[in-house]
Structures are given as C-alpha cells and as structure tokens.
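# Observations on chain architecture
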Amino acid sequence: MMDGETSWVSHCNDDTARHIDEFELFSELSDEGNQAASAVSLDLILPDDLLERILACLPVASIFKAGSVCKRWHELVSSRRFLWNLSQVPSQKPWYFMFMSSDEPGGYAYDPTLRKWYNVGLPCIETPNWFKASSCGLVSFMDNDSRSELYVCNPISRRSRKLAEPPGLKFSDYSALAMSTSRVSNGYQISIVKSKEVPGKIFQWDISIHLYDSETRMWATLSTEVFTGWRAGDESVICDGILYFLIYSTGGGAPENRHGLVPYDLSGRSSHALLIRNSIAVPCPLTCGRLMNLKENLVMVGGIGKQDRPDIIKGIGIWMLRGREWQEIARMPHRFFQGFGELDDVFASSGMDDVIYIQSYGSSLLLLFDMNQKQWKWSLKCPVTKRFPLQLFTGFSFEPRLEIAP
Amino acid sequence: MRYLALPLLSQNLTESTARAQTLSLYLQLSLQVSLSQRNESTMSSSSSSLPSCPKKVVTLKSSEGETFEIEEIAALQSKTLENMIDENCADTPIPLPNIKGKILAKVVEYCNKHAEVGVDAESLRAWDAEFVNVENTTVFDYILAANFLEIPTLLDLTCQSVADMIKGKTPAEIEKTFNIKSAFTPEEEEQVRRENQWAFE
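The name an unreviewed UniProt entry assigns to chain B is SKP1-like protein 1A, from the organism Rhodamnia argentea. The record held by UniProt for chain B lists under Sequence similarities (unreviewed entry) the comment "Belongs to the SKP1 family." For the record of chain B, the UniProt heading Pathway (unreviewed entry) holds the text "Protein modification; protein ubiquitination."

The name given to chain A in an unreviewed UniProt entry is F-box/kelch-repeat protein At3g61590, and the organism recorded there is Rhodamnia argentea. In its Pathway (unreviewed entry) section, the UniProt record describing chain A reads: "Protein modification; protein ubiquitination."

What follows is the structure, given as structure tokens:
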C-alpha cells in the first residue's frame, strides 16, 4: 500500500472540497466552449499522487525531461515516493549500449521505446573489453587484466559500488561473469566461472565457480572440478537460480561437437555428480553462442555453422531451453543476415525481458528481435560510425531503471 | 427484542409527566419497529441468489442531479461502490457531487463494457484505445473520476494515456500542452538539464 493512499472515506473528505472548487472553475471555462479553456493550467487539476502516477508510466528519458518543466514536477520526480512508484512499474524495454571505440569506454545507448540514441557515460568501466553482466537495472563490470576489480552500478543514476576481490585463481585463462538481481529485495548475486589450463596436463582444465551475495557481501567458492577436453569461456547467465555456462571443446572430440551447455543450481541442491556429466548438447553445430535471460528463461542466440565447414556461419538462430531440450524460436531471415554485410562467425548478442539485440563486430548496425511478436527490426541508425576498416564494435544490454541502487 | 420498561401509571402523576412518559414510550416503540424492519431487509438482501429476485442495480447521481443506473456486477469494479454495496448503503441513489453527468455516463459505459463476458482481449484493447481518444481535458476528468471511485483498470488506462501525451515531448512542448504557469526560468532549466544532459539531446 502506498503511504499516500487513504481509504475512500477520508479521501472523500480531504479532496472532495478541493476537487469541487477546481471542477467548478474548470467546468465554467470549458462550458464556454472556448478552446483556450487551456487558459487553465491542466496540471493544477491533478493532485500530487495522481501526477506522480502518470509520470511513473514514462520512459526514463522522458522522466528527466518532465523534471525540467517546473518546480512542482521537479520535486515530484525527485521524491522518494516517486522512486517507490517506479519500482512498481513492470520492467522497461532494455537499452543497448554500443561502444564507440576499442580503447575508450564512451558510447551511445539505444532506447527502443523512444527510438533514440543517448550519449550516456558509463561509470566504473575503463575499457570496452571489461566483462559485463546485467540484471534488473544493475550492471556489473569486471576488469580484464587481473580480473580482480569488480564494480556494480546503475548506469542511469550513475551510483556504483566496488565489490570485494573475487577468490580463486588470479590470472585465469578464461572468466565468465553473470548476475542476478531480485526484484523483490533488490539484493543480487554475481557468479564467476574461471577456467585455467592445468600446467603440464594437456586437455585438462581447472574449472571453478564462485558466487557473491550482496546480502552477506561475501564470496563463496561453490565448485571446483577438472574438465578433460572441455573448458568454459566467457559466456554465462543466471536464470531462475540456475547458472548456465557454455563449454568449448579443446580438442580430441568430433569437429561438429564444439560447444556444450552446463547447468549449475546455485542453491546447491543439485547432486554431487560431476558437472561435465550433466552437460546439455547444443541444438546444432554452432560457430558461436550467446546466452541471455529472457523472463527467467534461458535463451541462446547462435551462429549456425555449415554442415561441412562448421566454423563458417550460414545463419543465426534463436533457441529457448525447456528442461534439457532446446526449442527453436526463430531463424534470422536472409535479408537481415545479408543486411549486416559480412557477418563474422562470431558476433555480439545480448538481451533481456522480451528483446534480443544482435550486432556484428564489424559495424554499428543493430538488429532487434521482439520475442512477443516474433518480429525482426533494425534500430535507428547509430551515431557511431566506422572510422577505420578494422574498427570493432561491441556492446551489451541493460534495463533502464532510475530507482535501483547497488 | 428488548422489553420495554413500562412505567406504572399511577393516579398521582401530573398531566405533563404522563404526557412525557407516553411520548417516551411512543419513541421507544417506533425505534423497535424500525430496527426490526431493518433486520428484515438485511435478511432479504442476503438471499439475492434466489432466481426470483430482480437484478440489483445501483443508482448514481451526478453533480447536476442527473441519475444513472449501473448493474451491481458492473459497479463492483469500483472499490468505492463495492464497499458501499457491502455495507448496504447502496439502496438509495449515491450522490457524486464532483463528477459531472457527461463524465459519469462514460464511466458507467466503461464499467459495463469491462463487466461483459466473452469479450476477447484484443477487441477490449481496441475499445479502450477509442475510449481515451478524446480531448485532453476529458481524459483528466476521467482520471479524477476513476481515482475517486477507485476503478484501478480505468485509472491505469487514463494515466497511461496522459503519459503518452508527455512521452517524447521536449520540456517546452510539455509546458504548452499542459499550459504550465509556473515553469522554470531558462537558467533554472539549464541547471536541471546539466544533471542528466544525455536525456535532452
């Protein structure tokens, strides 16, 4: 219950008189049939709680614009009660942040609701090759050198927090970062899957899973295992309390069988069986796979490899995991595939809620897939342009939420 | 049923005392009668599930005194009206002194439509879109009425429609649409803009 809400009886007593006055004034003017009955200030007709309710329906950028109209509106959108209102609104369509260069963290964020690109500055991140993970408006960044600097931030409010250094092997060969935020408590968990080749032992990899909990502010090492012939990479996501990460064949296996998926129950309820025994095969030979959480369902966007040459991309598919089976959701139509120009066998893809973004590393073209309507659509042209032939473009998606704090 | 305490009428009472006592008796008696009538009517309304009872209708009275009838089942969408129905206050016309007839008629129409069975989501959405496709000032009237009568679906619909009016507009355009009198000065606006410059480009 909003603390602003009163029972109908007291509401009647408090506001009726005011409403009657304003209504009488208002109806007199409008009865004149005069279009310039907008001589009356429309927003004065609404009490604060109703105006707040309206403003809470707005996309984030519009909220800031509304806050710059007049003192009353500015006070309303800055109030704590308004932020509470916002947390009740269902998730907004995720934005996609595209980096302008490979060295600087600057770039533009795409808002699919208003179809605009904003020159948002990201806090904490130093170079585009840092690891990124996002959930419910919070984004975590981890550096790509020592893999020991970890921050959680809200890109809209720019508030951030530095977290304790992750445990386990420093300078691991591969790390995968994932995050899960609770909409109810605003607490979050961050997972890191580390892979390091066992020195002297060919095809053997030390795989460890570490978990950070914002409630305890502590790291825990949940699992350590040696994989033979497989390693983890940098693709992982948490859906509904289960951590999923992609594994890659390191040799000795069939060429078509290059990828796999390992699920790990973070609540620790799973059996003590080896993780590798529990792995799930991918639906077809892939050139690359990108994992994402769409309304707590695991979705994978994958580059489909040619039959005879599985390392060459011939299309892009979208699958959803149901239990241990993959259900195909969509295949990218040829005209969009061609629209990217030359699509490498690897590409960037990220998404949440109902939207999937796909982007080629070689250009700033951005494609959206709407899971609800099963529609493909190009974004508005990005202000970032290719300045030299080998320029690489990367990005990630996040939900714009003004009110959530790390 | 309480028993009336009958005062003993003795010959020693003065005339005025006797009159006073009779009057008091009469008042007590009439109170008892109206109480029992109320009990009867409460009992009968709780048996409205009998097929022979007519469909319950609630009467609403606008600010100008015009009356509008709405079926109880449609009226239940308003938490305000639902409370009144539960407490048996809905047997007489309910005065709504802050809602004009023109608006009340439309609100009744909305509740009736949303109480209908067998309407598919798609056509209801289209109907809702048409419902709010009216002048700004009318939508504001709907918001106030929906808020007063506590009709959550109508309140959401109308608030979203005003938000849609604001969405995508510049601060200057918002000022014009809503005819804001006490807008920020250019200096004040500049200061606010600077806090989140990216949203204004």
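## Description of empty space enclosed by the protein
All names here are of chain A. Enumeration according to the criterion identifies three cavities of 30 Å³ or more in this entry. Considered as a void within the structure, the largest cavity measures approximately 70 Å³ in volume. Surrounding the largest cavity, Val 60, Ile 63, Leu 86, Val 89, Pro 90, Gln 92, Pro 400, Arg 401, Leu 402 and Glu 403 form its lining. In terms of residue class, the lining of the largest cavity is built from seven nonpolar, one polar and two charged.

## Side note on the sheet that holds strand S10 (residues 204-213) of chain A
Residue and element names in this part refer to chain A. The strand order across the open sheet formed by four strands is S8-S9-S10-S11, and the pairing between neighbours is antiparallel. Edge positions in the sheet fall to strand S8 (174-181) and strand S11 (218-228), since each has one partner strand and no second. The mean angle between the axes of side-by-side strands here comes to 15 degrees, regardless of whether they run parallel or antiparallel. Pairing geometry for S8 and strand S9 (residues 188-197), over eight bridges, is antiparallel. Across the sheet, the residue bridging to Ala 176 is Val 193, located in S9.

## Structural notes on the sheet that holds strand S2 (residues 67-71) of chain B
Remark on secondary structure: sheet strands pair via backbone hydrogen bonds, oriented parallel or antiparallel. Residues and elements named next belong to chain B. Read across the sheet, three strands follow the order S2-S1-S3 without closing on themselves; strand pairing throughout is mixed. A single partner strand is all that each edge strand has here, and the edge strands are S2 and strand S3 (94-95). Where strand S1 (residues 57-61) and S2 come together, five bridges link them in antiparallel fashion. From the neighbouring strand, Thr 59 faces S2, where its bridge partner is Glu 69. Here helix H4 (residues 101-115) sits on the sheet in contact with S1 and S2, set at roughly 10 degrees to S2.

Analysis parameters
- Residues numbered from 1 in each chain as written.
- Chains lettered and ligands numbered in written order.
- Predicted model: local features only at pLDDT ≥ 70, side-chain atom pairs only at ≥ 80, totals over all residues.
- Heavy atoms only, no water.
- UniProt positions renumbered as here; feature names shortened; annotations may be inferred.
- 1 Å grid on protein atoms, 1.4 Å probe; cavity = no way out; pocket = protein on both sides within 12 Å on 5 of 7 lines; lining within 4 Å.
- Points joined across faces, edges and corners; volume = space filled by probe spheres on them.
- Nonpolar A, V, L, I, M, F, W, Y, C, P; charged D, E, K, R; others polar.
- Pairing = 2+ DSSP bridges.
- Helix = DSSP H or I, 4+ residues; strand = E, 2+ residues; numbered from the N terminus.
- Axes fitted to C-alpha atoms, helices over the stretch in contact; angles between N-to-C directions.
- Contact = heavy atoms within 4.5 Å.

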